[in-house]
Every structure is written in C-alpha cells, then in structure tokens.
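# Breakdown of the fold
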Amino acid sequence: MRVMLVDDSKTIRRIQRSILEQIGYTEIEEACDGQDALSRVSAFQPNLILLDWNMPNMDGLTFLKNFRQKDTATPVIMVTTESEKTRVIEAIRAGVNNYVVKPFTPDILQQRIKETLEKCKAAA
C-alpha cells in the first residue's frame, strides 16, 4: 500500500508517517505542498493521499481539483485545521473522501484511514 503525505509541516508528516508505519504501511512518499505533490503523484501512484489544506505554492484544495481531473478513484483524506462547515462541504464537493481536523490522535487518523479504504473498496 502506497501512501502520499502532503503537508508543509515536516513535523506533521513525521507524525503521520509514524502512525502509518505502526499500522503496517511502509511505502510512503512525502510532498511539502500541492505543487510538489502534483509533480510526484503520477510516478508514485499512491493508494491513499493524506492532504493538508493550507500550504504555500499550491494549497490542498487546488491540488485536489487538479488531481481529480486525472484520477477520481484514489482516496484522499483532508487533514487540516479547517473545520468550518462551509470548508468541509467545499472539500467534499472537490472530491475529498474523508476529513480529519488537526490536532488529531493516532486513533482518529487510523479510524479515518480504515473507514475511507473500506468505503472505497465497497464502492469499487
């Protein structure tokens, strides 16, 4: 299982990586913003993307809209401080599969990953 972490915070990426490795995911690619992620995503071909919203160069929502033009199947979980209902709806409309608000616990992140993958598998 290949997972791409897209966040401008190295600390958050490190926390996410640690949680993913604890549940057995070891093929992990990191990107520091949406632009970086777009340049790596087709070569890496992730099975799951954890995506921050607020980043320099290209934010998560812009990345998501670009990514969804080419790939509508890969699950994307927005991991962000943006918790306003209008923002959540905006992300869902853009094609996000699930949503985690920072700060999160390892249990919450694991639960959202499991839910998202099961939902996507059932829909396939």
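Residues numbered from 1 in each chain as written. Predicted model: local features only at pLDDT ≥ 70, side-chain atom pairs only at ≥ 80, totals over all residues. Heavy atoms only, no water.

### Points about the overall build of the chain
When you go through the chain residue by residue, the secondary structure sums to five helices and five strands. Along the chain direction, N to C, the helices and strands of the chain fall in the order β-α-β-α-β-α-β-α-β-α. Over its C-alpha trace the chain gives a radius of gyration of 13 Å, about what one expects of a compact globule, namely 14 Å for 124 residues. Principal axes of the C-alpha set define a box for the chain whose edges measure 30 × 30 × 30 Å. The 124 residues of the chain split such that 44% are buried. Across the chain, every contact between residues at least 6 apart in sequence was considered, and the portion connecting residues at least 24 apart equals 60%. Taken as a whole, the chain presents about 6600 Å² of accessible surface, with 49% of it coming from carbon and sulfur. Of the side-chain charges in the chain, 17 are positive and 17 negative, and the distance between the mean point of each set is 3 Å. (Helix = DSSP H or I, 4+ residues; strand = E, 2+ residues; numbered from the N terminus. Rg over C-alpha atoms; globule rule 2.2 N^0.38 Å. Buried < 20%, exposed > 50% of the residue type's maximum accessible area, 1.4 Å probe, protein only. Contact = heavy atoms within 4.5 Å. Areas by Shrake-Rupley, 256 points an atom, 1.4 Å probe, with all protein chains shown as cover. Lys, Arg positive; Asp, Glu negative; His and termini not counted. Charge placed at Lys NZ, Arg CZ, Asp CG, Glu CD.)

### A look at the pattern of salt bridges
Going through the model one piece at a time under the given rule, you end up with 10 salt bridges. Ionic pairing is found between R17 and E21, a salt bridge with its closest N-O pair at 3.6 Å. Separated by four residues within a single helix, R17 and E21 lie in helix 1 (residues 10–22), roughly one turn from each other. Notably, a salt bridge pairs E90 with R87, separated by 3.7 Å at the nearest N-O pair. On the criterion of helical spacing, the pair formed by E90 and R87 is a turn pair, its members being three residues apart in helix 4 (residues 85–94). Judged by relative accessible area, which is 24%, R87 ranks as partly exposed. Where salt bridges share partners, they join R13, R17, E21 and E30 into one cluster. (Salt bridge = Lys/Arg side-chain N within 4 Å of Asp/Glu carboxyl O.)

### Notes on the side chain of T116
Here T116 is to be found in helix 5 (residues 106–123). Separated by 2.9 Å, the side chains of T116 and N98 make a polar contact. Discounting chain neighbours no more than four positions away, the residues touching T116 are P75, I77, N97 and N98. (Polar contact = N/O pair within 3.5 Å; in protein donor to acceptor, adjacent residues only side chain to side chain.)

### Some details on helix 3 (residues 60–70)
Restricting attention to buried positions, one finds in helix 3 the residues G60, L61, F63, L64, F67 and R68. Projected down its long axis, helix 3 shows its buried positions confined to an angular sector of 150 degrees, all on one face. Counted as exposed and oriented over 90 degrees from the buried face of helix 3: Q69 and K70. Taken together, the buried residues of helix 3 touch helix 2 (34–44), strand 3 (48–51), strand 4 (76–80) and helix 4. Of the residues flanking the start of helix 3, the one acting as N-cap is D59, its side-chain oxygen 3.1 Å from the backbone nitrogen of L61. (Arc of directions from axis to C-beta.)

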